[in-house]
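The lines below spell out each chain.
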Amino acid sequence: MRIAVSSDMDEPVARQLLDELRRRGHTVTAYGALGANDRADWAWSAGAAARAVADDGADQAVVCCWTGTGASIAANKVPGVRAALCGDAYTADGARKWNDANALALSLRTLSGPVLVEILDAWFAGAPSQEPEDKDNVAHLGALEGGPS
């Protein structure tokens with residue numbers, strides 16, 4: 001899978017994220033403080049990773065900032081991107097299942113290495129629900145963006 005990863009800071013857990021994704025066999029493109037000559041600010045770096053998903057340059061994104069909130073907000077401004085701020089595996093599983101999230105937002109401040117692995121395990125094991133109600137909710141997000149519902 002092609003994963004766009006952004007971070008506004010070059011932190012050890014952000015580097016671990018890159019390594020873990022590559023270890024799992026994903027093709028990773030890094031943005032922000034992890035990329036070359038990119039603007040590192042959270043709004044710019046998360047926006048760039050989210051645009052990669054929207055423009056079909058990546059299948060999913062993982063966006064990071066100190067709290068994860070700013071990166072999540074920035075990613076969610078890009079039409080077609082559904083970013084979920086996840087601090088645990090249960091939330092990551094639910095985001096994939098019920099929200100068909102295609103961008104994972106993470107906090108660099110609260111994330112430890114073992115919790116990162118648990119979140120990634122749940123995220124990549126998860127799949128969008130096929131229940132009509134769940135599919136309708138995700139489809140309605142297009143209407144909220146001004147697109148088809």
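Quick note: structure is the one above.
Residues numbered from 1 in each chain as written. Predicted model: local features only at pLDDT ≥ 70, side-chain atom pairs only at ≥ 80, totals over all residues. Heavy atoms only, no water.

1. Describing the packing of helix α2 (residues 42-54) against helix α3 (residues 69-76)
Thought 1: Axis separation between α2 and α3 bottoms out at 8 Å; the angle between their running directions is 45 degrees. By the angle class used here, α2 and α3 are oblique. Of the two possible hands of crossing, α2 and α3 adopt the one that is right-handed. Mapping the contact onto sequence places W42, A43, A46, G47 and A50 in α2 and G70, A71, A74 and A75 in α3.
Thought 2: Of the residues assigned to the contact of α2 with α3, the class counts are seven nonpolar, two polar and no charged. (Axes fitted to C-alpha atoms, helices over the stretch in contact; angles between N-to-C directions. Helix = DSSP H or I, 4+ residues; strand = E, 2+ residues; numbered from the N terminus. Parallel < 35°, antiparallel > 145°, perpendicular 65-115°, else oblique. Left-handed = near helix turned anticlockwise from the far one by under 90°. Contact = heavy atoms within 4.5 Å. Nonpolar A, V, L, I, M, F, W, Y, C, P; charged D, E, K, R; others polar.)

2. Overview of the side chain of S7
Thought 1: Summarising the element assignment, S7 is placed in strand β1 (residues 2-7).
Thought 2: Residue classification places S7 among the buried residues on the basis of a relative accessible area of 0%.
Thought 3: Here the side chain of S7 touches M9 through a polar contact of 2.6 Å, landing on its backbone oxygen.
Thought 4: Ignoring any residue separated from it by four or fewer positions in sequence, one finds S7 in contact with A14, Y31, G32, A33, L34, A40, S45, C64 and L108. (Buried < 20%, exposed > 50% of the residue type's maximum accessible area, 1.4 Å probe, protein only. Polar contact = N/O pair within 3.5 Å; in protein donor to acceptor, adjacent residues only side chain to side chain.)

3. Concerning the sheet that holds strand β2 (residues 27-32)
Thought 1: With parallel pairing, the five strands of this open sheet are ordered in space as β2-β1-β3-β5-β4. Edge positions in the sheet fall to β2 and β4 (83-85), since each of these pairs with one other strand and no more. For this sheet the average axis-to-axis angle between neighbouring strands, irrespective of direction, equals 20 degrees.
Thought 2: In terms of strand pairing, strand β3 (residues 60-65) meets strand β5 (residues 103-107) through five bridges, oriented parallel. Counted as the bridge partner of A61 is A103 from β5.
Thought 3: The sheet contacts of helix α5 (residues 113-125) involve β1, β3 and β5, and relative to β5 the element is tilted by about 165 degrees. (Pairing = 2+ DSSP bridges.)

4. Some remarks on α3
Thought 1: The complete set of buried residues in α3 reads G70, A71, S72, A74 and A75.
Thought 2: The secondary structure elements touched by the buried residues of α3 are α2, β3, β4 and β5.

5. Comments concerning the side chain of S107
Thought 1: As for its position among the elements, S107 is in strand β5.
Thought 2: With a relative accessible area of 7%, S107 lands in the buried category.
Thought 3: At 2.8 Å, the side chain of S107 forms a polar contact with the backbone oxygen of W66.
Thought 4: Side chain to side chain, S107 and T110 meet in a polar contact 3.2 Å long.
Thought 5: Residues contacting S107, with those up to four places away along its chain left out, are C65, W66, T67, G68 and L85.

6. Regarding the environment of E118
Thought 1: Mapping E118 onto the fold places it in helix α5.
Thought 2: Separated by 31 residues in sequence, E118 and G87 place their C-alpha atoms 9.9 Å apart.

7. Observations regarding the nonpolar core
Thought 1: Counting residues in each nonpolar core, the largest one holds 26 residues, and the members touching the most others are V5, L17, L21, V62, L104, L106 and L116.
Thought 2: Elements represented by at least two residues in this core include exactly β1, α1 (12-23), β2, β3, α4 (89-99), β5 and α5.
Thought 3: L104 has contacts with A61, V62, V63, A84, C86, I119, L120 and W123, leaving out every residue within four places of it along the chain.
Thought 4: Within the second largest apolar cluster, 20 residues are counted, among which are A46, V63, V78 and V81. (Core = buried A, V, L, I, M, F, W, Y, C linked by side-chain atoms within 4.5 Å.)

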